[in-house]
Amino acid sequence: MTLPRKPQVRLQYSKLGKVRFTSHRDMARIWERSVRRAKLPIAYSEGFSPRAKLSFGLALPTVFESVAEYADLTFDEPVPAEGLPELLTPLLPVGVDVVAATELEGKVESLQECVMATEWSLFVDGDLAEVGAWARDLLAADSLEITRERKGKTRVDDVREALLDARVQPIATDAPVIGASTEIVVNLATKPRALRPLEFLGINAPPHTFVLGRRLHQFISPVGARRDPLDVGAAQATHDLSRAS
Amino acid sequence: MDSLWSTLEPLLTRVEKPARYIGCEDGAATPEYTDGAVSWLLAYPDTYEIGLPNQGLQILYEILNERPDAVAERTYAPWTDLEAEMRAIDLPLFSVDTHQPASSFDVIAFNLSSELVYTNVLNCLDLAHVPVRCEDRDHTHPLIGAGGHATFNPEPMADFLDWIGLGDGEEIVGDVTDVVAAWKASGSTDRVEVLRALAQVEGVYVPSLYDAVFEDERLVSIDPIFPDVPSVVEKRTVADLADWPYPKSQLVPLTEVVHDRLSVEVFRGCTRGCRFCQAGMITRPVRERPADQVRTMIQEGVRRTGYDEVALTSLSTADFSGITEVIKSTLDDESSGCGDVSVSLPSLRVDAFTVGIAAELQRGRRSGLTFAPEAGTWRMRQVINKLISEEDLYASVEGAFSQGWRRVKLYFMTGLPTETDEDTLGIAELGKRCVEIGRKYNKGASVTVSVGGFVPKPFTPFQWFGQNTIEELNRKIYLLRDEVKKIPGLQMKWHDPKATFVEGMSSRGDRRLGKVIEDVWRSGGTFQEWSEHFDVDRWTDAMTANGLDVEWFTYRHREENELFPWDHLNAGLHKDFLWHDWRDSLNEVGLEDCRWTPCYDCGACTGYGIEHVVASATPPAGGSQGTGQSPGRGQEVSVQLLARPVGAS
Ligand code: SF4
């Protein structure tokens, strides 16, 4: 016998400003408290120390900003997606704004499973032309080897496949970033193993130093379709996504 | 004032746990700097994780921010990685609320919880670009203050602190604000003027206004240098906690801290009379918060913070008159709508009543339970007036194991007055019995004894006792360890006697230690509470360099009429009461809890015209220390009234 699926809602939120210094784990705790304060009928896991059923997909590295974070909330009873952004945003820290919500229907892949690629805006201190040349070389290369450490062992991985696209441009004058001169917009694959933005920035003697990074999008399959996780079939986002920027 | 945020921000991408430095907590105040308002920077001289939950600091933060004529922000000691980054670009210490430079505040007030944070205070001042010594500061520098338990002997810090608040801070901060506001308004540039005015505030001690005279090694007098400065500074005590329902908006940090939960203080003070316990002695009398107020603070706190755990804090929470009712109503309360709330009692008494409560509180996850018998034999427990009988202890342990706990942890001290090897080894004996009891219920039952070296503290009956040397503590610990090794299922942990030595040296030290603390700090000795940074050699070297004798400061038994460095301060307790209690201790005579028996005039109430505020005139079901009421099995309160659904989900 299988239990009936519990109702789920997927939310999109931002993480901007000082709050970018909190970790993924910190954010999970912040969300738990906020959901309790909102008195939402969140479901809990079984066992001796029940945890609220919230799942977040790919961890955003500490110190990165994002306009494209997602959370799946599982409830004991149906909760309409409409109104959740207005309800939750005031209960979250400054810089964390819930911008959209949609009810999940039927079998939906978890965020961990469905996100295939992420798009980042990386602000660096480095000469525009030099950074541009560096990025062109990366895209032209057949293989890009980086050394990674895992469980105390180092190994060399070829990450060329995970670098989907990169574009180098001056920073928009209406949104300056202190200490940065150049922006790199990059698309990175998350499967089979995610290439992380700081790993990307460190490839091949980079001519820049990292200042600030912001996740712009998370894309679900197929790669290249630029579908975001709220676009899960029939269900529609109840909010205008333009608020995210 | 200009925010340092934009200078700080780039550094934070390179340090561990940067969320410690951003503020943004729920409950944080938005300071409004108005003309003439006195600005306070409340500083905890250890990491954010340890400092943020500190309730004393949070209480004062709220009280000050509620005043129209004051603003308060907070700061914590930056970890060594950020400190290096800050020093490299000369970025000063900042507040976490709005990232103002620390030196721009009118007052910087430190919370001193232990002696091992002293060097961090100097480091924070230096990072703030404030001269560490009082004599090098002028009217442009903040007034540097301190409060907290370690300030009951502030003499080792006398060179660095302009003023010290003794006792409860709730009223002191208001009075200090008035004095500083008046001084600012006067336009005076004479720092001594404001210090003299501060010395008039009840509960405020200004060390630089006292002259300490030494002859040979001895302190012979410590007297005010102006006639208007009091010769004895009395501690401040709030008569009724009901008047101070703080914190009203407890800070909810964005990142993990040591106690990440709602805290509600249910009473202050303790008169169980444990002779080693400075906290109990200096916070007398017992002042309970009305049960209704406790309930309201829990309800509102849970609703506002979203926490699912509330800690009911005090020095011995099972003694609170309304404890079962408060727990019941908290567990049953559906009105918060925030789901299930669990309750924790950080300080447990050793008796069946407590086990009964704990059983109700920890349904399901009974991993470990902690008791503090403090000493291994009945004789030794009589000496320290922690009158737990063997039967009580074993009944509690049996209660714990029989109700499903698998691990029991027992706290002990070694190096106590009159302690013999038999007493020390009694810890192993006791642990062994507990393992045997546990094994009746669970083959994997384990017992851990945790042993700390005893530090005699000012304003306790043991203030005359010469602390055990490092060697002697090590000898006892190894003696015990060898015995414990023979007992399967019994583990042992212990504190480093070298750290115990430094605590002891500072705890009863005098002003001459200022140079030692400064030398240790200058040699790089910060974060001395952290074993990876603690280095005893820095301390012994500094003592030698300053011609001070470790033996004299730490290990020597004091004489009956010796002038103590804290004798010009009064924590409420008559010195002759403490002396008698010391003699009683040596005669193994116990002393009852004056909450439920007649007053024996220790001075804490009688001296200030206040009294206990206790809702129940009878001792709790678990029995009162020394009243001869031990909790028979029949009284093992099973507390069904606390029932709530198992596996709350
Ligand atoms: S003055 Fe009396 S009642 Fe008050 S704490 Fe001391 S002994 Fe107890």
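Residues numbered from 1 in each chain as written. Chains lettered and ligands numbered in written order. Predicted model: local features only at pLDDT ≥ 70, side-chain atom pairs only at ≥ 80, totals over all residues. Heavy atoms only, no water.

Visitor: Please explain the overall build of chain A as it appears in this structure.
Guide: Along chain A, the regular secondary structure elements total 5 helices and 10 strands. Taken against the 2.2 N^0.38 rule, which gives 18 Å for 245 residues, the C-alpha radius of gyration of chain A at 19 Å falls within 12% of a compact globule. In terms of principal-axis extent, the alpha carbons of chain A reach across some 55 × 45 × 35 Å. Of the contacts made within chain A by residues no fewer than 6 positions apart, 74% connect residues no fewer than 24 positions apart. With an accessible surface of roughly 11,900 Å², chain A has 53% of that area assigned to carbon and sulfur atoms. Once the 31 positive and 33 negative side-chain charges of chain A are each reduced to a mean point, those two points are 7 Å apart. (Helix = DSSP H or I, 4+ residues; strand = E, 2+ residues; numbered from the N terminus. Rg over C-alpha atoms; globule rule 2.2 N^0.38 Å. Contact = heavy atoms within 4.5 Å. Areas by Shrake-Rupley, 256 points an atom, 1.4 Å probe, with all protein chains shown as cover. Lys, Arg positive; Asp, Glu negative; His and termini not counted. Charge placed at Lys NZ, Arg CZ, Asp CG, Glu CD.)

Visitor: How should the interface of chain B and chain A be read in this particular structure?
Guide: Reports of interface size often rely on the accessible area that becomes lost once the parts have come together. Listed as interface residues are 31 residues of chain B and, on the opposing side, 21 residues of chain A. With both chains or domains summed, chain B and chain A bury close to 2,300 Å², and 57% of this area falls on carbon and sulfur atoms. Taken together, the links from chain B to chain A amount to 6 salt bridges. In this structure, the salt-bridge partner of R29 of chain A is E256 of chain B, at a minimum N-O distance of 3.8 Å. Viewed at the interface, chain A and chain B are joined by 9 residue pairs in polar contact (both at pLDDT 80 or more). Secondary-structure elements contributing two or more residues to the side of chain B that touches chain A are α1 (5-12) and α9 (291-305) of chain B. Considering every element that reaches the side of chain B that touches chain A, the biggest residue donor is α1 of chain B, with 4 residues. (Buried area = accessible area lost by both parts, 1.4 Å probe. Salt bridge = Lys/Arg side-chain N within 4 Å of Asp/Glu carboxyl O. Polar contact = N/O pair within 3.5 Å; in protein donor to acceptor, adjacent residues only side chain to side chain.)

Visitor: Looking at this structure, how should I read the packing of aromatic side chains?
Guide: We describe a pair of aromatic rings using the distance from one ring centre to the other and the angle between the two ring planes. Residue and element names in this part refer to chain B. Per the stated rule, a full pass over the model turns up 26 aromatic pairs over all chains. Taken together, the ring pairs connect F454, F462, F465 and W582 into an aromatic cluster. In this structure, R196 packs its charged tip against the face of F226, placed 3.7 Å from the ring centre. In this arrangement the basic side chain of R433 is found over the ring face of Y394, its NZ or CZ atom lying 4.3 Å from the centre. (Phe/Tyr/Trp six-rings, centres within 6.5 Å; stacked < 30°, edge-to-face > 60°. Lys NZ or Arg CZ within 6 Å of the ring centre and 35° of its normal.)

Visitor: Explain the sheet that holds strand β2 (residues 70-76) of chain B to me, please; I cannot follow it from the model alone.
Guide: Backbone-to-backbone hydrogen bonds join strands into a sheet, with any given pair of strands oriented parallel or antiparallel. All names here are of chain B. On the basis of which strands lie adjacent, the open sheet formed by 6 strands has the order β2-β1-β3-β4-β5-β6 and mixed pairing. What marks the edges here is a single partner per strand, and that holds for β2 and β6 (204-205). As paired strands, strand β1 (residues 38-44) and β2 are joined by 7 bridges and run parallel to one another. By the bridge assignment, A43 is partnered in β2 with T75. Sheet contacts for helix α7 (residues 191-199): β4 (143-147), β5 (163-165) and β6; angle to β4, the most-contacted strand, approximately 25°. (Pairing = 2+ DSSP bridges. Axes fitted to C-alpha atoms, helices over the stretch in contact; angles between N-to-C directions.)

Visitor: Honestly, the site of the ligand in this entry has me stumped. Any pointers?
Guide: All residues in the neighbourhood of the ligand are listed as T271, C594, C599, Y600, D601, C602, G603, A604, C605, T606 and H612 of chain B. Residue composition of the shell around the ligand, grouped by class: 6 nonpolar, 4 polar and 1 charged. (Near = heavy atom within 4 Å. Nonpolar A, V, L, I, M, F, W, Y, C, P; charged D, E, K, R; others polar.)

Visitor: Please clarify how a negative patch on the surface should be interpreted in this entry.
Guide: On the surface, E215, D216, E217, D549 and E551 of chain B cluster together into a patch of negative charge. With respect to the secondary-structure elements, D549 of chain B resides in the loop between α18 (536-545) and α19 (550-555). (Patch = residues over 30% accessible without salt bridge, like charges linked within 9 Å, V, L, I, M, F, W, Y side chains within 5 Å.)

Visitor: Quick question: what am I supposed to make of the pattern of salt bridges here?
Guide: A side chain with one charge may pair with a side chain of the opposite charge, provided their charged atoms come close. Residue and element names in this part refer to chain A. Overall, the coordinates contain 67 salt bridges over all chains when judged by the stated rule. As a salt-bridge pair, R226 and E119 come within 3.1 Å of each other at their nearest N and O atoms. Taken together, the positions of R226 in the segment after β10 (209-220) and E119 in strand β5 (residues 115-125) put the pair 107 residues apart, joining distant regions of the chain. The class for R226 is partly exposed, based on a relative accessible area of 46%. A residue is classified by how much of its surface remains accessible, and E119, at 6% relative accessible area, is buried. By sharing partners, the salt bridges in this structure join R148, R155, D157, R193, R196 and E199 into a single network. (Buried < 20%, exposed > 50% of the residue type's maximum accessible area, 1.4 Å probe, protein only.)

Visitor: Help me understand the sheet that holds strand β18 (residues 490-494) of chain B in this model?
Guide: Residues and elements named next belong to chain B. An order of β15-β16-β17-β18 is seen for the 4 strands of this open sheet, with the pairing classed as parallel. In this open sheet, the two edge strands, each paired with only one partner strand, are β15 (368-374) and β18. For this sheet, the mean inter-axis angle between neighbouring strands, taken without regard to orientation, is 25°. In the sheet, strand β17 (residues 446-453) pairs with β18 via 5 bridges, with the strands oriented parallel. Paired with V447 across the strands is L490, a residue of β18. Packed on one face of the sheet, helix α15 (residues 470-485) meets β16 (407-414), β17 and β18 and runs near 165° to β18.

Visitor: What should I look at first to understand the environment of F214 of chain B in this one?
Guide: Residue and element names in this part refer to chain B. Counting through the fold element by element, F214 comes out in strand β7 (residues 210-215). Sequence separation between F214 and G431 is 217 residues; the distance between their C-alpha atoms is 47 Å. Among all residues touching F214, those that are not within four sequence positions of it are L219, V220, D510 and R512.

Visitor: Help me understand the environment of A166 of chain A in this model?
Guide: Residues and elements named next belong to chain A. Residue position: A166 is located in strand β8 (residues 163-170). A relative accessible area of 13% places A166 in the buried class. Each C-alpha atom, one on A166 and one on R136, is 8.2 Å from the other, the two residues being 30 residues apart in sequence. Apart from residues no more than four positions distant in its own chain, A166 is found in contact with L139, V185, V186 and F200.

Visitor: Would you mind showing me how to read the side chain of D97 of chain B here?
Guide: All names here are of chain B. Tracing the backbone shows D97 in the loop between α4 (80-89) and β3 (107-111). Among the polar contacts listed, one links the side chain of D97 to the side chain of Y61, at a separation of 2.6 Å. A distance of 2.6 Å separates a polar side-chain atom of D97 from the backbone nitrogen of R74. The contact partners of D97, leaving out residues within four places of it in the chain, are A28, A29, Y61, E73 and R74.

Visitor: Just to check I follow, could you spell out the packing of α4 of chain B against helix α5 (residues 118-127) of chain B for this structure?
Guide: For any two helices packed against each other, the geometry comes down to the angle between their axes and how far apart the axes lie. Residues and elements named next belong to chain B. One can describe the packing of α4 onto α5 by two numbers: an axis separation of 11 Å at closest approach and a directional angle of 30°. The angle between the axes of α4 and α5 places the two elements in the roughly parallel class. Note that α4 runs across α5; the crossing there is left-handed. Along its contact with α4, which presents E83, M86 and R87, the element α5 presents N123, D126 and L127. (Parallel < 35°, antiparallel > 145°, perpendicular 65-115°, else oblique. Left-handed = near helix turned anticlockwise from the far one by under 90°.)

Visitor: Before we go on, may I ask you to explain the layout of surface pockets in this structure?
Guide: Rolling a probe over the atoms, with the probe sized like a water molecule, indicates the empty space that remains. In this structure, the second largest pocket spans a volume of roughly 440 Å³. Contributing to the lining of the second largest pocket are 27 residues, with P93 and V94 of chain A together with C24, E25 and D26 of chain B lying nearest its centre. Examining the composition of the lining of the second largest pocket, we find that 4 residues originate from one element, helix α1 (residues 24-37) of chain A, more than from any other. (1 Å grid on protein atoms, 1.4 Å probe; cavity = no way out; pocket = protein on both sides within 12 Å on 5 of 7 lines; lining within 4 Å. Points joined across faces, edges and corners; volume = space filled by probe spheres on them.)

Visitor: Could you clarify how one ought to interpret the nonpolar core in this entry?
Guide: Across soluble globular proteins, nonpolar side chains have a tendency to be buried as a group. In terms of nonpolar packing, the biggest core is built from 192 residues, with W31 and F200 of chain A together with W40, F110 and W163 of chain B touching the most fellow members. It is helix α6 (residues 172-186) of chain B that provides the largest number of residues to this core, a total of 7 residues. The next biggest cluster of nonpolar side chains, apart from the first, holds 32 residues, and it includes L369, V408, V449 and V484 of chain B. (Core = buried A, V, L, I, M, F, W, Y, C linked by side-chain atoms within 4.5 Å.)

Visitor: I keep staring at α6 of chain B and nothing clicks. Help me out?
Guide: Spacing of three or four residues puts side chains on the same side of an α-helix, whose turn is 3.6 residues. Residue and element names in this part refer to chain B. Taking 1.5 Å of rise per residue, 15 residues should cover 21 Å, and α6 covers 21 Å from first to last C-alpha, within 8% of that figure. Taken together, the buried positions of α6 are occupied by I172, V173, G174, V176, T177, V179, V180, A181 and W183. Phi turns positive, to about 75°, at G187, one or two residues after α6. (Expected span 1.5 Å × (residues − 1).)

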